[in-house]
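What the coordinates show
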Amino acid sequence: MTSGGHGTDGVERRGLMFVLSSPSGAGKTTLSRMLIDRMPGLKMSVSATTRSMRPGEVNGKDYTFVDKATFDAMVKADELLEWATVFDNSYGTPRGPVEAALSAGQDVLFDIDWQGTQQLKQKARADVVSVFILPPSASDLEKRLHSRAQDSDEVIRKRMSRASDEMSHWAEYDYIVINHNVDDAFAEVQSILKAERLKRERQTGLVSFVRGLQGQLQG
Ligand code: 5GP
């Protein structure tokens, strides 16, 4: 998956797919929001899901909430770039907005699980940068799940027992960030994105940029 567009320095570049994964409660949602607020040129991919809306969530912003029949129809029509079943619900990434953003030279941020990350990598390895967020301890994870106060005790117990399974996929990611505190973790994730944006092969306009520079020097 490639794209044209211009980076902040005016050199044409291809957009990248920036994936954040973690067990629930490791701080990934907070980090995603901070990235979207503070990094120009980065757009959030809003997933479709069959799970019910939590208090405070906004349809079309946090997720597009759909019923199972709608989700299945999206899969059948090949409208999802990737999809997976997590906690007995279906989640998937609508293809259209991602392709539109990438072809406008924007980067896209994904908050998806390891199954979705694997699918994106199969489709566009060179364009995917993946980061796994780890909690500093199990008790920290539990505390965050409780303080979120969005899920019932039973759901929290389920999420804790799944956390270990989810974490077993850490070695499939390009970068690992341990979220001791949110400001440091944010600074680390931001540095990863900034460095990845500067990779030579993503700056597709460098050849003509350097030629222009050389022309000016010789001119
Ligand atoms: P939650 O229900 O807590 O919002 O999300 C549960 C899990 O589903 C999280 O690990 C989240 O990253 C993952 N998830 C959310 N959207 C998608 C998606 O579109 N695709 C995949 N594969 N996972 C997703």
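Residues numbered from 1 in each chain as written. Predicted model: local features only at pLDDT ≥ 70, side-chain atom pairs only at ≥ 80, totals over all residues. Heavy atoms only, no water.

The chain has the name Guanylate kinase in an unreviewed UniProt entry, where Bradyrhizobium manausense is given as its organism.

Let's shift gears to the overall build of the chain. On a plain count of helices and strands, the chain comes out with eight helices and nine strands. Since a compact globule built from 219 residues should have a radius of gyration of about 17 Å, the 19 Å found for the chain is in line with a globular shape. With the C-alpha coordinates of the chain rotated into their principal frame, the extents come out at 70 × 40 × 30 Å. Each of the 219 residues in the chain was classed as buried or not, and the buried ones make up 45%. Pairs at least 24 apart in sequence give 68% of the contacts found in the chain among residues at least 6 apart. Summing over all exposed atoms, the chain offers an accessible surface of approximately 11,400 Å²; the carbon and sulfur share of this is 53%. Placing the 28 positive and 30 negative side-chain charges of the chain at their respective mean positions leaves the two points 2 Å apart. (Helix = DSSP H or I, 4+ residues; strand = E, 2+ residues; numbered from the N terminus. Rg over C-alpha atoms; globule rule 2.2 N^0.38 Å. Buried < 20%, exposed > 50% of the residue type's maximum accessible area, 1.4 Å probe, protein only. Contact = heavy atoms within 4.5 Å. Areas by Shrake-Rupley, 256 points an atom, 1.4 Å probe, with all protein chains shown as cover. Lys, Arg positive; Asp, Glu negative; His and termini not counted. Charge placed at Lys NZ, Arg CZ, Asp CG, Glu CD.)

Turning our attention to the site of the ligand. In the vicinity of the ligand, 17 residues are found, and the nearest of them are Ser47, Arg51, Tyr63, Tyr91 and Asp111. With respect to the ligand, the side chain of Arg51 contributes an N or O atom lying 2.7 Å from an oxygen atom. One of the side-chain nitrogen or oxygen atoms of Asp113 is found 2.7 Å away from a nitrogen atom of the ligand. In isolation the ligand offers 520 Å² of accessible surface; the protein chains occlude 95% of this area. Within the residue set of the shell around the ligand, elements represented by two or more residues are strand 5 (80–86) and strand 6 (89–94). Tallied by class, residues from the shell around the ligand come to six nonpolar, four polar and seven charged. (Near = heavy atom within 4 Å. Polar contact = N/O pair within 3.5 Å; in protein donor to acceptor, adjacent residues only side chain to side chain. Nonpolar A, V, L, I, M, F, W, Y, C, P; charged D, E, K, R; others polar.)

The next subject is the sheet that holds strand 2 (residues 42–44). Pairing is parallel across the open sheet formed by five strands, whose spatial order is 2-7-1-8-9. The open sheet has two edge strands with one neighbour each: strand 2 and strand 9 (175–178). Geometrically, the sheet is characterised by an average inter-axis angle of 25 degrees between neighbouring strands, direction not taken into account. Across the face of the sheet, helix 3 (residues 95–103) comes into contact with strand 1 (17–21), strand 2 and strand 7 (107–111) while running at roughly 145 degrees to strand 7. Most of the contacts of helix 7 (residues 182–197) go to strand 9, to which it runs at about 160 degrees, and overall it touches strand 1, strand 2, strand 7, strand 8 (128–134) and strand 9. (Pairing = 2+ DSSP bridges. Axes fitted to C-alpha atoms, helices over the stretch in contact; angles between N-to-C directions.)

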